[in-house]
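Observations on the three-dimensional arrangement
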Amino acid sequence: MAGKKVLIVYAHQSAGSFNAAAKDAAKEALTTKGCTVEVSDLYAMKFKATATAEDIIGDVKNADHFRYAEETKVAWEAGKLSDDITEEQRKLTQADLVIFQFPMYWFSLPAIMKGWIDRVLTLGYAFSQEKRYSQGVFKDKKALLSFTTGSLESMFSANGINGDMNVTLWPLQNGILHYCGFQVLAPQIFWAPSHVPPEVRSTMLEGWRKRLEGVLGEEPLAFTSMDCFDREKGFQLKPEFHEEHAAKEFGPTVGTHLGKPLPPNQMRAGV
């Protein structure tokens, strides 16, 4: 791991939070292993969360019908994205591993972190029609979600009131990280730390530190390769894929399940 570069994208308002402790633990553990760690502390940076024409230096192509993806692609190609976006793209370009550290808000990301994704992962830079999913721009990089929940683990189960956490994470892990090509590592989930005693929180952090010692050697989560989909038929799974999985009890992934039962813990949430 020595010599590897890590970017921690961190979103919490309080330096006294468990998320701050998890971020600090990661920075310390990875630095000890010889990694160079940069932290984007979004609240401290007052990072702008809204994707607007202000993200482009100079005139836009079509002010009457402003389309963010197309306009930022042109701006990125011309070196005219705003300084804050350019700086975050620099950090991301250099990183071998990206850790997103945050409290789960409304079954998703805090708005400021979603804004980082909307503004930094621009068309052309982070993805294109040709470069996405298994053929994505960041296929040589790894990423993982590290977050806290307000609900107990049992509530995010297949029988729980919140539903299966693996389903909850599909849009984030497949629709954002895998879409951009990242090798997505299993999430680090800190279940309801505000509802457990201090010694349990300490155990959680120690487990995180231990995992980080070998995190770059972990096998990424499994997603269906883009080669299995037929571009000419609207990116539907090819017949041979259906044939291969016809006799299997479970679907291949949480999202592409072929109408079968979801694979048991396919996204390995909670490990």
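Look above for the structure.
Let me begin by describing the structure that accompanies this report. Please read all numbers here as calculations on a predicted model, not as lab measurements. (Residues numbered from 1 in each chain as written. Predicted model: local features only at pLDDT ≥ 70, side-chain atom pairs only at ≥ 80, totals over all residues. Heavy atoms only, no water.)

**Topic: the side chain of T72**
Note the cut-off: The helix and strand labels rest on DSSP assignments: H or I over at least four residues marks a helix, E over at least two residues marks a strand, and numbering proceeds from the N terminus. Burial status follows relative accessibility: with a 1.4 Å probe on protein chains alone, a residue under 20% of its type maximum counts as buried, one over 50% as exposed, and anything between as partly exposed. Counting of polar contacts relies on pairs of N or O atoms within 3.5 Å, with two restrictions inside protein: one atom must be capable of donating a hydrogen and the other of accepting it, and residues adjacent in sequence are counted only when both atoms are side-chain atoms.
As for its position among the elements, T72 is in helix α2 (residues 68-78). Owing to a relative accessible area of 1%, T72 belongs among the buried residues under this scheme. Polar side-chain contacts of T72 include one of 2.7 Å to the backbone oxygen of Y68.

**Let's talk about the pattern of salt bridges**
Note the threshold: Any carboxyl oxygen of Asp or Glu within 4 Å of a side-chain nitrogen of Lys or Arg constitutes a salt bridge here.
A complete count under the given rule lists twelve salt bridges for this structure. Among the salt bridges present, the one from D55 reaches R119, with a minimum N-O distance of 2.8 Å. With D55 in the loop between β2 (36-41) and α2 and R119 in helix α4 (residues 111-120), this pair connects stretches of sequence that are 64 residues apart. Here D55 falls in the buried class, since its relative accessible area comes to 0%.

**Quick word on the pairing of β2**
Successive residues of a regular strand alternate their side chains across the two faces of the sheet. Filter applied, for reference: At least two bridges found by DSSP between two strands are what make those strands a pair. Assignment of crossover handedness uses the view with strands pointing away from the viewer, where a clockwise path from the first strand over the helix to the second indicates a right-handed crossover.
Pairing geometry for strand β1 (residues 5-10) and β2, over six bridges, is parallel. Its bridge partner being in β2, V9 is matched across the sheet by S40. Each parallel crossover has a hand, and for β1 linked through helix α1 (residues 18-32) to β2 it is right-handed.

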